Amino acid sequence: MLDHRPLGRTGISVSPFALGTMMFGFIGNGDHDDAVRIIHSALDRGIDFVDTADMYSTGESEIIVGKALKGRRDDVVLATKGHFPLDDDPAPNTSGNSRRYLIRAVEASLRRLGTDYIDLYQVHRPDWDTDLEETLGVLTDLVRDGKIRTFGSSTFPAHELVHADQIARERHLMRFRTEQPPYNLLDRGIEADVLPITERLDMGVLTWSPLAFGFLTGRYRKGVEVERAGRSALRPSWFDPDDPTTARKLDVVEQLVEVADDIGVSLPALAVAFPLAHRAVTSVIIGPRTMEQLDAALEYADLVLDDATLDRLDEIVPPGTSVYNASPPAYPWLTDASRRRRR
């Protein structure tokens, strides 16, 4: 059984890994029975936090999750998200964070998931055309109606988190209790602002993309021809070794492979363990498409990186920086390791 961590100040505790379901449905694994088996295997191994979204395979992922949770719903902390349109050519008012849209989105998610309530509902992205008071107001009403238990944000910049908290306090509304940002060994940018803010605001943090869109799986190496499959087939420009950003990524990957080898684990194991070392992170989302990928992600589920290893990682990719843009800001919470690392 995996240890549990408090999800901010919600009173809810969750496993340190969350099962992400973006790859279930037609964009990844369209075999519903196989996807259900993967979900059940994750639950049997102690993961009781499941994260999905209405836009994953345009609702098919939520349907699969609903099938998998029949008879097990009360044992799981279920999270989903809304914001994006579900159609390629969306009609007006069929996306965003308005009261009009979010009520419809939540009700549709409840139907697909086959449940009466959602434990954590997250606004999938900021909506620059909708006042945050409008968004927080409808989410507060959805909690009071019993349709959702609590709510959070996903991929919000730090200033929006602060602004949302200020509005909630001034208008006596419920506030964002969680944030779901991208975070991995190639992109540590949220250490500079988002994570210090979430810690100040007592927010739970569930991070996504621990494998950096595949670059930390070990499949993409310097001097090795890229197999055109999966993400590399969908977005070949991301994996072009002649691109300067891709070249930097591949250089860093070689250094990270050496660290992983020295401590006797795989590169994916190192990558998945890294976000959990930050004291502000609650749970890391792993998003397998196959049972083999789930096995690989959980092979070293109890791995805790020591200070010597974390120091080496800080030298390779400095705290608060991204391989996409590697100039480190000089903040005390980046230079003082004790203000970042979990104890």
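Preceding this paragraph is the structure being described.
These numbers come from a predicted model, not from an experiment.

Asker: For the sheet that holds strand β10 (residues 283-286), give the residues involved together with the corresponding values.
Answerer: Spatially, the eight strands close up into a barrel ordered β3-β4-β5-β6-β7-β8-β9-β10, and their pairing is parallel. Strand-to-strand, the axes of this sheet are offset by a mean angle of 30°, without reference to chain direction.

Asker: So what's going on with the environment of Leu-270? Residues and values would help.
Answerer: One can find Leu-270 in helix α9 (residues 267-276). C-alpha of Leu-270 to C-alpha of Leu-256: the two residues are 14 residues apart in sequence and 8.4 Å apart in space. Other than its neighbours up to four places away in sequence, Leu-270 contacts Leu-185, Leu-256, Val-259, Ala-260, Ile-263, Val-265, Leu-303, Leu-305, Thr-309 and Leu-313.

Asker: An account of a nonpolar patch on the surface is needed here, citing residue identities and associated values.
Answerer: On the surface, Met-22, Phe-26 and Ile-27 cluster together into a nonpolar patch covering about 300 Å² of accessible area. Residue Phe-26 is classed as exposed on the basis of its relative accessible area of 56%.

Asker: Let's hear about the nonpolar core: which residues, and what values?
Answerer: In terms of nonpolar packing, the biggest core is built from 86 residues, with Phe-17, Leu-139, Ile-148, Phe-176, Leu-256, Leu-270 and Leu-313 touching the most fellow members. The dominant element in this core, judged by the number of residues it contributes, is α9, at eight residues. Not counting chain neighbours up to four residues away, the residues in contact with Phe-17 comprise Leu-2, Ile-47, Phe-49, Val-272, Leu-276, Ser-283, Val-284, Ile-286, Leu-298 and Ala-301. In terms of nonpolar packing, the next biggest core, distinct from the first, is built from 10 residues, Val-14, Val-77, Leu-206 and Ile-285 among them.

Asker: Can you tell me about helix α8 (residues 244-263), naming the residues and giving the values?
Answerer: Over its 20 residues, α8 extends 29 Å from the first C-alpha to the last, a length consistent with the 28 Å expected when each residue adds 1.5 Å. Along α8, the residues that are buried comprise Thr-246, Lys-249, Leu-250, Val-252, Val-253, Leu-256, Val-257, Val-259 and Ala-260. Turning to α8, the residues buried within the fold contact α9 and α11 (307-316). Between a side-chain oxygen at the N-terminus of α8 and the backbone nitrogen of Thr-245 the separation is 3.1 Å; the capping residue is Asp-243. Immediately downstream of α8, the backbone of Gly-264 shows phi near 75°, a positive value.

Asker: Quick rundown of the packing of aromatic side chains? Include the residues and the values.
Answerer: A complete count under the given rule lists five aromatic pairs for this structure. Ring centres of Trp-208 and Phe-213 lie 6.1 Å apart, and the angle between their planes is 85°; on these two criteria the pair is classed as edge-to-face. With 5.7 Å between their ring centres and 45° between their planes, Phe-215 and Tyr-220 make a pair best called tilted. No difference in accessibility class separates Phe-215 from Tyr-220, as the two residues are buried. Site record: aromatic cluster; members linked through ring pairs are Phe-151, Phe-156 and Phe-176. The cationic tip of Arg-73 hangs over the ring face of Tyr-117; the distance from NZ or CZ to the ring centre is 4.1 Å. The ring of Tyr-117 is capped by Arg-149, whose NZ or CZ atom sits 4.0 Å from the centre of that ring.

Asker: Explain the pairing of strand β7 (residues 148-154) to me, and be specific about the residues and the numbers.
Answerer: β7 sits mainly inside the fold: six of its seven residues count as buried. Here strand β6 (residues 118-123) pairs with β7 via five bridges, running parallel. Counted as the bridge partner of Gln-122 is Gly-152 from β7. As for the winding sense of the linkage, the β-α-β connection from β6 through helix α4 (residues 132-144) to β7 is right-handed. Here two bridges tie β7 to strand β8 (residues 178-180), and the two strands are oriented parallel to one another. Bridging from a neighbouring strand, Ser-154 pairs with Gln-180 of β8.

Definitions and limits used
Residues numbered from 1 in each chain as written. Predicted model: local features only at pLDDT ≥ 70, side-chain atom pairs only at ≥ 80, totals over all residues. Heavy atoms only, no water. Pairing = 2+ DSSP bridges. Helix = DSSP H or I, 4+ residues; strand = E, 2+ residues; numbered from the N terminus. Axes fitted to C-alpha atoms, helices over the stretch in contact; angles between N-to-C directions. Contact = heavy atoms within 4.5 Å. Patch = residues over 30% accessible without salt bridge, like charges linked within 9 Å, V, L, I, M, F, W, Y side chains within 5 Å. Areas by Shrake-Rupley, 256 points an atom, 1.4 Å probe, with all protein chains shown as cover. Salt bridge = Lys/Arg side-chain N within 4 Å of Asp/Glu carboxyl O. Buried < 20%, exposed > 50% of the residue type's maximum accessible area, 1.4 Å probe, protein only. Core = buried A, V, L, I, M, F, W, Y, C linked by side-chain atoms within 4.5 Å. Expected span 1.5 Å × (residues − 1). Polar contact = N/O pair within 3.5 Å; in protein donor to acceptor, adjacent residues only side chain to side chain. Phe/Tyr/Trp six-rings, centres within 6.5 Å; stacked < 30°, edge-to-face > 60°. Lys NZ or Arg CZ within 6 Å of the ring centre and 35° of its normal. Right-handed = clockwise from strand over helix to strand, strands pointing away.

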